[in-house]
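# Coordinates in review
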Amino acid sequence: MQAPRRFPSVRKVGLLSALYFAQGLPFGFQASALSLYLTSVGVSLDKVGLSRALALPWLLKVLWAPLVDRVGSTRFGRRKSWIVPMQSLLALTCVFAAFVPPQTHLTWLLAAVLVMNLFAATQDIAVDAFAIDLLSPEELGAGNAAQVVGYKIGMLTGGGLLVAWSATIGWKGLFFAMAGLCLGAMALVLPVKETGGASPPSPAPSGGVSWAEFPSRVKLVLAQPGASWLLVAVGTYKIGEALADAMFGPCLVREFHFETETVALWLGSFGMVGSILGSLTGGLLASRGSLVRAVGVAAVLRSLPLFLQWAIAARLIEANATSVIGVTVAEHFFGGILTTAMFALMMSKVDRRIGATHYAVLASVEVLGKAPSGLLSGFLVQGFGFATVFLGAALVSIAFIALLGPLSRRGGSSAAPAE
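Residues numbered from 1 in each chain as written. Predicted model: local features only at pLDDT ≥ 70, side-chain atom pairs only at ≥ 80, totals over all residues. Heavy atoms only, no water.

### As for the overall build of the protein
Quick note on the threshold: Runs of E in the DSSP output that reach at least two residues are strands. Runs of H or I that reach at least four are helices, and both are numbered from the N terminus. For every residue, the accessible area (1.4 Å probe, protein chains only) is compared with the maximum for its type, and the residue is labelled buried under 20%, exposed over 50%, or partly exposed between those bounds. Residue contacts follow a heavy-atom distance rule, with two residues in contact if any of their heavy atoms lie within 4.5 Å. Each accessible area is a Shrake-Rupley estimate made with a 1.4 Å probe; only the visible protein chains count as cover when residues are assessed.
Within the protein, the secondary structure is distributed over 16 helices and 0 strands. Split into buried and exposed, the 419 residues of the protein put 53% on the buried side. Taking all contacts inside the protein whose residues are at least 6 apart in sequence as the whole, residues at least 24 apart take part in 86%. Summed over its atoms, the accessible surface of the protein is roughly 17,800 Å², and 71% of this surface lies on carbon and sulfur atoms.

As structure tokens, then:
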């Protein structure tokens, strides 16, 4: 019988939100502010696009996730042993970046951003595992809402608010502010005493499994009922959305001749508000029943604005401020619901004794699944046109729903066993 969902305490929500917020700061700066700065100083567009490779640690973090699982002090805290040093190093790197003049030392700035992402991604491994330890299975819906919303607000702050404020506080002030926010999150986690959550006691010194047990433990996890279907679902649920998101802005600029700044406002600001509200709603939905059902409902709702994007591109709906903002808010709102529900489902399946590694595997599959569609979107538009690509994105999103039946029948909403 499925346990009733409940909301985690304010302390848990606040702590997780702050930690994920700190991780979103450098990624938001790299993804939004840095690309705009590089464009403004005349860096070619192909190199601006390649600057996204600075986020590579987020994809590769699964390679060192087993180390995060195995190494740590049970006295200080198995997860805090990584979170606190990574927060400190992230803050120090921000301070270093503050003294790098980008006009003359751009390479050093790019290197600093890469290192920021390395520390943030490594911290993310430990924070994900910390969240798995901290949250009971019935708290995963609201807990993951705190995760997603905190991270998105961090991205918005690092990529938008602090950049706008830099007109007053300057380049150094921007990075000093980022460092201060990181240290603030670290201060919140320092007094926390880890209890190990629902994980059973283990003879291994680190509180996890031994190195000898690790391979067999991973094989056991992957052999669980529904494990393969979960990997397929995690790797495909964002394909259509990522494809549409990559090309909706260019479509509005090239096909309908809207100003770039206007499109950036519509898709960025209104889209982010819709996404945050959707993530909060997703937490409520995932707290009220089956997580697979929550993913299914969100996936159906998410497909509707994707079809409306196709209708705009096909000129079946007039492209104006009302239609574009409405579709954008709806797409990000329902996408936010889906993301939170899927993350809660992923976390519900994690073996808590190897939580850092198991969740990092699922998170890397999620990134790998959605990345190619965005990278190939421009080539697809050149070959088939905007309208056809948007229709394909909507149909792929609908097709994903077919995976949820077998996933549900094979235990997709139940937690992975701890023994």
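### Quick notes on the packing of aromatic side chains
Note the cut-off: Think of it this way: a Phe, Tyr or Trp ring, Trp meaning its six-membered ring, pairs with another when their centres are within 6.5 Å, and the plane angle makes it stacked under 30 degrees, edge-to-face over 60, tilted otherwise. Only Lys NZ and Arg CZ are tested; either one counts as a charge over a ring when it is within 6 Å of the ring centre and within 35 degrees of the ring normal.
A complete count under the given rule lists 11 aromatic pairs for this structure. Centroid distance F99 to F176: 5.8 Å. Interplanar angle 75°. Geometry classified as edge-to-face. Note that F99 is positioned in the loop between α5 (80–98) and α6 (106–134) and F176 in helix α7 (residues 140–189), a separation of 77 residues in sequence. Aromatic side chains F248 and F390 sit 6.0 Å apart centroid to centroid with 80° between the ring planes, which places their arrangement in the edge-to-face category. Of this pair, F248 sits in helix α10 (residues 239–254) while F390 sits in helix α15 (residues 386–400); the two residues are 142 residues apart in sequence, bridging distant segments of the chain. An aromatic cluster of at least three residues, connected via ring pairs, comprises F27, W58 and Y151. Sitting over the ring of F76, K80 keeps its end group 4.7 Å from the ring centre.

### Regarding helix α13 (residues 321–348)
Within an α-helix, residues lying three or four positions from one another point in the same direction, as the helix has 3.6 residues per turn. Rules: Between the first and last residue of a helix there are one fewer steps than residues, each counted as 1.5 Å, and that sum is the expected span. In protein, a polar contact means a hydrogen-donor-capable atom and an acceptor-capable atom, both N or O and within 3.5 Å, with residues adjacent in sequence counting only if both atoms are side-chain atoms; elsewhere, any N or O pair within 3.5 Å suffices.
Relative to the 40 Å expected for 28 residues at 1.5 Å per residue, α13 spans 40 Å between its end C-alpha atoms, a close match to the ideal helical length. Where burial is concerned, most of α13 is hidden: 20 out of the 28 residues are buried. At the N-terminal boundary of α13, the capping side chain belongs to N320, with an oxygen 3.2 Å from the backbone nitrogen of T322.

### A short note on the side chain of S323
Residue placement: S323 occurs in helix α13. With relative accessibility at 15%, the residue S323 sits in the buried group. If we ignore the near neighbours within four places in the chain, the residues touching S323 are I312, I317 and E318.

### As for the packing of α7 against α13
Rules: Working convention: axes come from line fits to C-alpha atoms, limited for helices to the stretch in contact. Angles between N-to-C directions cover 0 to 180 degrees. For classification purposes, angles smaller than 35 degrees are called roughly parallel, those larger than 145 roughly antiparallel, those between 65 and 115 roughly perpendicular, and all remaining angles oblique. What makes a crossing left-handed is the near helix being turned counterclockwise from the far one by less than a right angle; a clockwise turn instead makes it right-handed. Lys, Arg, Asp and Glu make up the charged group, whereas Ala, Val, Leu, Ile, Met, Phe, Trp, Tyr, Cys and Pro make up the nonpolar group; the residues left over, Gly among them, are polar.
Relative orientation of the contacting elements α7 and α13 amounts to 125°, with a least axis distance of 9 Å. In terms of their interaxial angle, α7 and α13 are classed as oblique. Crossing handedness for the pair α7 and α13: right-handed. Contacts from L140, G141, N144, A145, Q147, V148 and K152 of α7 reach α13 at G336, T339, T340, F343, A344, M347 and S348. Considered class by class, the residues forming the contact of α7 with α13 number 6 nonpolar, 7 polar and 1 charged.

### Remarks on the pattern of salt bridges
This is how it is decided: When a carboxyl oxygen of Asp or Glu lies within 4 Å of a side-chain nitrogen of Lys or Arg, that pair is called a salt bridge.
Using the criterion set out here, one finds 7 salt bridges in the structure. For the salt bridge of D133 with R79, the shortest nitrogen-to-oxygen distance reads 3.1 Å. Here R79 lies in the loop between α4 (65–70) and α5 and D133 lies in helix α6, a separation of 54 residues in the sequence. A relative accessible area of 7% places D133 in the buried class. Between R302 and E241 there is a salt bridge whose closest N-O contact spans 2.9 Å. On the criterion of sequence distance, the pair formed by R302 in helix α12 (residues 291–313) and E241 in helix α10 is long-range, its members being 61 residues apart. Comparing R302 with E241, the two get one shared label, buried.

### Considering the state of the cysteines
Put plainly, two cysteines are in a disulfide when a covalent bond ties their sulfur atoms together. Rules: Disulfide assignment relies on a single distance test, namely cysteine sulfur atoms paired within 2.5 Å.
Summed over the entire model, instances satisfying the criterion amount to 0 disulfides. Counting only cysteine sulfurs, C182 is the nearest neighbor of C94, a cysteine outside any disulfide, at a range of 4.9 Å. Relative accessible area serves as the criterion here: at 0%, C182 is assigned to the buried category.

As far as function goes, none of this settles anything; it's purely spatial.
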